[in-house]
Every structure is written in structure tokens, then in C-alpha cells.
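Residues per chain, in single letters:
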Amino acid sequence: MAKSEIYKPIQARVTSKSPMKLRADFLKRIFKDKRAVVCILFLFIVSIVGIFAPIIAPFDPEELFYDSILEAPNKEHLLGTDAIGRDLLSRLIYGVRVTLTVSLLAVAITFFLGTFIGLVCAYVGGWVDNVLMRIMDILLALPSIILALAIVAILGPSLTNAMIAVGVASIPGFARLIRGAALTIKSSMFVEASRSIGSSHSWILRRQFLPNVTGILLVYTTLFIGVAILDTAALSFIGLGAQPPTPEWGTMLSEGRNYMQNAWWLATFPGIAITMVVFAVNFLGDALRDIFDPKSSG
Amino acid sequence: MKQFILNRILSGILVIFGVSIFSFLLIHFIPGDPVRIMLGINATPEQVERLTHHLGLDKPLLVQYGQYIANLFQGDFGTSLKTGRPVLTEILDRFPETVKLAVFGLLIAVVIGISLGILAARFKDTIIDKLCTVFATLGVSIPSFWLAILLVMVFSVKLAWFPIANGTNFRDLILPACTLGVVASTMIMRLTRNGMVEVLSNDYIRTARAKGLEDRLILFRHALRNVLIPVVTVIGLQLAGLLGGAVIIEQVFNWPGLGTLALGAIMSRDFPLIQGTVLFMGVVYVTINILVDILYSVIDPRVEMGVKEAS
């Protein structure tokens, strides 16, 4: 996917407001933007569907209906059934859990390690920055899907390993972006003032760096969620992620691909589900980018 | 200019050196005994010992790396465990197919991206512009493998215009290239649109309009040329991305390129082949990036000046 769009740097807006005030300010700005509100609402509903899947789903995702194999969408099975008679809608609903959990955990790996590396590089500078950034450059020299594939090759195919692979593969790009933003903050007057009065490194990092990169972190993290959903689904699709019978959207698409000629619904609905969720996440990311960096809006 | 090109090449060589360390270490990152994993649980101790010796894994790490690099310089990327053929031969057999797919995909991306970008900028803030923005967001949101399936369902299964993935003829190339092209076009479209909007608000465009020049002439002769510099850069980067990142599409369409080779190697745990393809893709990616940077500095000398000022 066109990841380079994500790697568009955002200028850090340095402010000395208190973290509490900054948070309130962020929320106010986010909830003023209609696009952001609609996307948040949609993603909230999707998450609720995932959380309450056992209540909402009409059937168990692994229940077999032997008399309804490859049945087209009908009153009983709203989205039809698959090749061994499982209800597609129920599997899609349970799939929300798997897909979102795995993607969010992958992004958490990217977020924590990427932010840590980015902030340390910017704050410490010198040889630490040089060494870490050269390592990031080397990892960035490989397309992220190749890096993810290499990691899965090492760890072996499974959903957990796909999650780790997708999370780790995004760290270099994320760290580089956070480093860029943090460098702007490092050169601001109030950080220099804190240093000159002897504030500890951890205090400066926690109280001055983090609050000022929150907006940027929010934008990048949102955009990386979209990438994580697509990449984990892609790995599952080629058999290196979730394994059947796990109701994961990528795996479901892969299964549906074998029945393109006589059961169009199998490959259609999981694709629509992935696209809608990633579309909402990306649209939200774009809206957040416009909110936190109006100059970048096109 | 010479200094800039030299610096760029040197930093590229350093990165390639780093990628070689990464690809070398891949086998050492495997938890447990890599040779046992490659051979499977039924392997005899003799087989394990023989392969360990063959791969040089019984030597100290530094010696292994030295040997690995020395072999690379002689064009020896190792031997595929599955086919017994040299890894480089396997790669070079498949690479032309990947290039063919990537170049054709890029061509489609450029045509769609630049046309829609111009259209969106010309009709800024109208429904056309908004539809183009939705297309761009949709393009980065749709899983490329699903788009591929949709295209096959419509154009191969329903309409029977194209074959269902099984060859390397021109007709087999169209659907995978279209899939890659549509996804890659979104970035080009956004850049063209934003650049055009900026350029169209310049004084010289207003003057051209005041002189009564035709809209078409203003758009293509005066505005587009100034927008193309960053677009050309992105097109180059997209090519690098497509050469390395078309793995999934190659797999969907059964296209015999580097992607399917890499996937097959991962599935069969053929580590010499995995190492070789990772290294090869890294080298291709870095080389294209360097070429794009150099091309950019040739088209727009401010880039080189920017580097000088920064240093």
C-alpha cells in the first residue's frame, strides 16, 4: 500500500501548556471536526460489535450447517454460508475481535518501541542517535511487507507471529517520524530552560516531550492502525498469519478466493469489512492530521 | 553535484552493507536449531551435521559472515535447499517477470494518478474534487489482494475477458498490473492535485489566463511542468516499492516473479533462498532510491544546495 503517504512529516507544534489543558484542547478540536466524529462513531460501533460478538452473532462461528453448504445470502443466513456450511455473518462478526485485537496489539508494539527509539534518538543525540538511526535506515531499505515476511520466516507462521512481524516492521518508519517531531521540541526555549535549572532527563521526557508529541503520535498511530489491519490480513491471506478455522478476515478472504466462480459472497463480504474499517481509520487519520497540522491539508 | 552523488552512493553502500548483515543474521535469529527446522523432525543426525557443515554454521559467527560476504562478491548467494540450484540463478530467472509487472503497473498508476490529480485540481472544492479524494483514501484502504480478487471475479469469471491467472503473456499481465496501478496511483494523484492547486494560484498562471490562453494549454504547458518534479520522485519511489512489494499480488495471480519465489521459500523454509531474495530486494530498493535522489538533484538543483546548507 502507499505507505509513503503516512510518512509525510508533521511539524511539531511546541507549546508550554499543562498536559491536562493540552488533553482538553485536543479533545475539543477532535470533536469539532465532523469527519473525525463520524469515523470515531463508526469505529466505536464496530468495536462494540466485536466485544459483544457472542450476543450479536446469530450463530457460533464454527457451527456447521451440513444442509446449507455454500448457500447464497438468504433470510436464515444473511450473508450466506461457506464451503463447510458455517454462517458467514457470524464469522465476520467474530472476525472483528480477531482482526482488531491483532492489529491494535501490532500497533502497540510499533507505538511503544517506535516512540521510545524516536524520543531517545532526538533527546540523547550523538552516537546513540547515529547508531539507532542507521539501523532504522537499514530496516527501511526493505519494503515493510518483505521485512514482515522475513520476520514470519524466522518465527514461523501463526497469528501471534504475524502480529509481532507487522508491529516490528513498522517501527523504523514510526521511530523516524517521532524523532523528527521531537527534534523540534528539543530546540525549544522551555526545554533548554528546564535543562539549565537542572530538571532530570526523565522529567523533561515525560512532562515536556511527550505532551508536545501527543497530537503527532495520535495521527501516526491512527494511520498505522490502517496499515496494521491491511498487513495482518495480507499475511493471513497468504497463509502466514491466522490459521483456519480462526475467523480472521484475511483468512476468510483466502478461503473465499477458491470459490470465486460459484460463491461470490465468500470473497466479497470480508473484503468489504476490511475496506470499510481501514477506510474509516484512514479518514480519521487524515482528519486528525488536518486538525493537528492544518498546513498539510490538501 | 559530483560530491552529492558520491555521498549518496556511499551512504547507499553502507545501507546495503547493513542489509547484508540483516540477511546473514536471518538464519541465526531462528529460535532453536535452524538446520533441524529446515530439515524437519525426521532428519537424521548425519543429515543435520552435513547441512550444518554445508551452510558453514559450525564456524564462528564472524568467520561465517566473512565467508558470506566473500561469496556474495563472487556472485555466490548460496544454493537453494529445495531445488539445488544457485540462489542467484533462481532470482535472476524471476526478476524480469517482476520488473515487467512493476513497470506496467507503474505506467497505469501514472496515467490514472496524474489525470485524476489534474482533474481534481481543475475542479477544486467541487464534487469531482471530493470524489477524487474519496478515491485516494479508498485506494490506500482497500486490501490490494481483495481488489485483485474483485477484478478476477468481474473480468475473468463473469465477463471472461482475461484468463484466470496462469501465464506470463500480455493478457495475463493486465489484471495484476491494474491492481498494482490503482493502489499506487493514489499517492501520485494526491501529489499532483496538491501541487497543481498551489501552482494554479501563482501570478504567472493568472497572467496566462488574462492573456486569454486556452485552459488546456495553461494546465498542461504551464502548470503541469512545475508540478512534475516531486511527482517524478514519488513515481521512482513507487517503482522501488512495486519491485519489492508486489509479493501478495504475484501470489494471487500466480505470477512467476520474485514475490512468489520469496513466498515459496518461506513456506518451505528454504533459508538460503530467503536470505538471497531479501538481500536482492534490499539492493534493488536502495539502488532505485539513490537513482531517484540523483535524478531529483539533476532536475532541481535546490535539492543539492539544501544538502550543502544543512551540512
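Everything numeric in this text was worked out from a predicted model, so none of it was measured.

Student: Would you explain the UniProt feature "transmembrane region" (unreviewed entry) in chain B in this entry?
Tutor: Residue and element names in this part refer to chain B. UniProt annotation of "transmembrane region" (unreviewed entry) refers to residues 12-30, 101-121, 133-161, 173-191, 227-253 and 273-296 when read in the numbering used here. Secondary structure within residues 173-191 divides into 100% helix and 0% strand; the distance between the first and last C-alpha atoms comes to 27 Å. As a span, residues 273-296 carries 100% helix and 0% strand, and end to end its C-alpha atoms are 34 Å apart.

Student: Explanation requested: the side chain of Glu250 of chain B in the structure shown.
Tutor: All names here are of chain B. Within the secondary structure, Glu250 sits in helix α11 (residues 247-252). As a buried residue without a salt bridge, Glu250 has its nearest oppositely charged side chain in Arg94, at a separation of 6.2 Å. Side-chain polar atoms of Glu250 contact the backbone nitrogen of Leu258, separated by 3.4 Å. Leave out the neighbours within four places in its chain, and Glu250 touches Thr98, Leu101, Trp255, Gly257, Leu258, Gly259 and Thr260.

Student: Could you clarify how one ought to interpret the layout of surface pockets in this entry?
Tutor: Empty space among the atoms becomes apparent when a probe as large as a water molecule is rolled across them. All names here are of chain A. Taken as a whole, the second largest pocket encloses approximately 600 Å³ of empty space. Surrounding the second largest pocket, 27 residues form its lining, Leu43, Leu104, Thr222, Ile225 and Leu284 being those nearest its centre. Among the secondary structure elements, those contributing two or more residues to the lining of the second largest pocket are α1 (19-32), α2 (34-51), α4 (88-124), α10 (201-237) and α12 (264-292). The element that contributes the greatest number of residues to the lining of the second largest pocket is α10, accounting for seven residues. Here the lining of the second largest pocket is built from residues that sort into 19 nonpolar, six polar and two charged.

Student: Quick question: what am I supposed to make of the packing of α12 of chain A against helix α6 (residues 127-141) of chain B here?
Tutor: In a pair of packed helices, the angle between the axes and the distance between the axes together describe the arrangement. Following both chains from N to C, one finds α12 of chain A and α6 of chain B inclined at 120°, their axes separated by 8 Å at the closest point. Our classification of the angle between α12 of chain A and α6 of chain B gives oblique. As for how α12 of chain A packs across α6 of chain B, the hand of that crossing is right-handed. Residue-level inspection shows Thr275, Val278, Phe279, Asn282, Phe283 and Asp286 of chain A of α12 of chain A in contact with α6 of chain B, the latter providing Val134, Thr137, Leu138, Val140 and Ser141 of chain B.

Student: I would appreciate a short explanation of the UniProt feature "transmembrane region" (unreviewed entry) in chain A in the present structure.
Tutor: Residue and element names in this part refer to chain A. Taking the numbering used here, the UniProt-annotated feature "transmembrane region" (unreviewed entry) corresponds to residues 36-57, 98-126, 138-156, 162-179, 216-243 and 263-285. Secondary structure content for residues 98-126 is 97% helix and 0% strand, and the end C-alpha separation is 42 Å. Secondary structure content for residues 216-243 is 79% helix and 0% strand, while the C-alpha to C-alpha distance between its ends is 35 Å.

Student: Is there a simple way to explain the UniProt feature "domain: ABC transmembrane type-1" (unreviewed entry) in chain A in this structure?
Tutor: The positions UniProt marks with the feature "domain: ABC transmembrane type-1" (unreviewed entry) are residues 96-285 of chain A. What you have in residues 96-285 of chain A is 84% helix and 0% strand, and the ends, taken at the C-alpha atoms, are 20 Å apart.

Student: Would you mind going over the packing of aromatic side chains with me for this structure?
Tutor: Two numbers describe a pair of aromatic rings. These are the distance of the centres and the angle of the planes. All chains considered together, the criterion is met by 16 aromatic pairs over all chains. A ring pair is formed by Phe237 of chain A and Phe145 of chain B, whose centres lie 4.5 Å apart and whose planes are at 25°; its orientation type is stacked. Pair noted here: Phe237 of chain A is in helix α10 and Phe145 of chain B is in helix α7 (residues 144-158), and the two residues belong to different chains. Phe145 of chain B shares its class with Phe237 of chain A; the two are buried. Aromatic rings pair up to connect Phe111, Phe112, Phe174 and Phe224 of chain A into one cluster.

Student: Quick question: what am I supposed to make of the pattern of salt bridges here?
Tutor: Between side chains of opposite charge, a pair can form as their charged atoms come close. Enumeration according to the criterion identifies 19 salt bridges over all chains in this entry. Of the charged contacts, one joins Asp33 of chain A and Arg35 of chain A as a salt bridge, the two residues approaching to 3.8 Å between their closest N and O atoms. Taking the shortest distance from any N to any O, the salt bridge between Arg8 of chain B and Asp293 of chain B comes out at 2.4 Å. Of the two residues, Arg8 of chain B sits in helix α1 (residues 2-29) while Asp293 of chain B sits in helix α13 (residues 271-299), which places them 285 residues apart along the sequence. A single network of salt bridges, built from pairs that share partners, joins Asp82, Arg86, Arg91 and Glu255 of chain A.

Conventions adopted
Residues numbered from 1 in each chain as written. Chains lettered and ligands numbered in written order. Predicted model: local features only at pLDDT ≥ 70, side-chain atom pairs only at ≥ 80, totals over all residues. Heavy atoms only, no water. UniProt positions renumbered as here; feature names shortened; annotations may be inferred. Helix = DSSP H or I, 4+ residues; strand = E, 2+ residues; numbered from the N terminus. Buried < 20%, exposed > 50% of the residue type's maximum accessible area, 1.4 Å probe, protein only. Lys, Arg positive; Asp, Glu negative; His and termini not counted. Salt bridge = Lys/Arg side-chain N within 4 Å of Asp/Glu carboxyl O. Polar contact = N/O pair within 3.5 Å; in protein donor to acceptor, adjacent residues only side chain to side chain. Contact = heavy atoms within 4.5 Å. 1 Å grid on protein atoms, 1.4 Å probe; cavity = no way out; pocket = protein on both sides within 12 Å on 5 of 7 lines; lining within 4 Å. Points joined across faces, edges and corners; volume = space filled by probe spheres on them. Nonpolar A, V, L, I, M, F, W, Y, C, P; charged D, E, K, R; others polar. Axes fitted to C-alpha atoms, helices over the stretch in contact; angles between N-to-C directions. Parallel < 35°, antiparallel > 145°, perpendicular 65-115°, else oblique. Left-handed = near helix turned anticlockwise from the far one by under 90°. Phe/Tyr/Trp six-rings, centres within 6.5 Å; stacked < 30°, edge-to-face > 60°.

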